[in-house]
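# A closer look at the structure
For reference, the chains in residue letters:
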Amino acid sequence: MSEIINGGCLCSEVEYSVKNDFIFLLFCHCEQCRNISGSAHASNLFSATDSLKWLRGGDLVKLFRHPNRDFTKAFCGNCGSGLPYASLSGNLVIVPAGSLHSEPRFQKAAKVFHTERTNWTPSDIEFEEFEHFPSYFTD
C-alpha cells in the first residue's frame, strides 16, 4: 500500500492528497516554465497514478493551457499557488513539488530543456540532462 501525502496552496483554501509514488522529479528550464514560475526552473513531480483527490477548495483551481504548446499550469484562483493537474492524455498527474507538505519519493530526477536555461541558473547540482523530455513523456 502506497503512502498518501497532502499538499495545497499558500492561502490554505485548496488542499489535495496524492500517492507518494512519483516516477520523475523534473527541473524544467524552458522559457514557459521560467515565466510561469518566476524562477530559473519549474520543479514538477510526475506520477502515473490516478490518486489525486481534492480535499477542499477544488472549485478554486484554475487552469491555463498554452494555445501553441503542450503546456498547462494549474493554480489557486485565490493566491495563485501552483497546484497539481492531470495531463491532457490523462496518463500522468503533474504535481508542483513545492506544493507538497511532505517530502516526495521519486524514482529519478532530471533536468529538461537544459539548453534553454539562463546564465544565472545554478548548475552545481548534477542530474541527468536531456535536450527535451525523455521519450517516456512523448509516447
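Quick look at the structure, then. (Residues numbered from 1 in each chain as written. Predicted model: local features only at pLDDT ≥ 70, side-chain atom pairs only at ≥ 80, totals over all residues. Heavy atoms only, no water.)

Let us now look at the overall build of the chain. Scanning the chain for helices and strands turns up two helices and 12 strands. N-terminal to C-terminal, the α/β element order of the chain is β-β-β-α-β-β-β-β-β-β-β-β-β-α. Taking 14 Å as the expected radius of gyration for a compact globule of 139 residues, we find that the chain reaches 15 Å, a close match to that expectation. The principal-axis extent of the C-alpha atoms belonging to the chain is close to 40 × 35 × 30 Å. Within the chain, buried positions represent 43% of all 139 residues. Of the accessible surface of the chain, which amounts to about 8,000 Å², a share of 48% is contributed by carbon and sulfur atoms. Across the chain, 12 positive and 16 negative side-chain charges occur, with their mean positions spaced 4 Å apart. (Helix = DSSP H or I, 4+ residues; strand = E, 2+ residues; numbered from the N terminus. Rg over C-alpha atoms; globule rule 2.2 N^0.38 Å. Buried < 20%, exposed > 50% of the residue type's maximum accessible area, 1.4 Å probe, protein only. Areas by Shrake-Rupley, 256 points an atom, 1.4 Å probe, with all protein chains shown as cover. Lys, Arg positive; Asp, Glu negative; His and termini not counted. Charge placed at Lys NZ, Arg CZ, Asp CG, Glu CD.)

We now examine the pattern of salt bridges. Throughout the structure, instances matching the rule amount to two salt bridges. For Arg105, the salt bridge goes to Glu3, with nearest N and O atoms at 2.6 Å. Of this pair, Arg105 sits in the loop between β10 (93–96) and β11 (106–112) while Glu3 sits in the segment before β1 (4–8), and the two are 102 residues apart along the sequence. The exposure class of Glu3 is partly exposed, given its relative accessible area of 38%. For Glu15, the salt bridge goes to Arg56, with nearest N and O atoms at 2.8 Å. Highlighted residues: Glu15 in strand β2 (residues 15–19) and Arg56 in strand β5 (residues 53–56), separated in sequence by 41 residues. A relative accessible area of 42% means that Arg56 is categorised as partly exposed. (Salt bridge = Lys/Arg side-chain N within 4 Å of Asp/Glu carboxyl O.)

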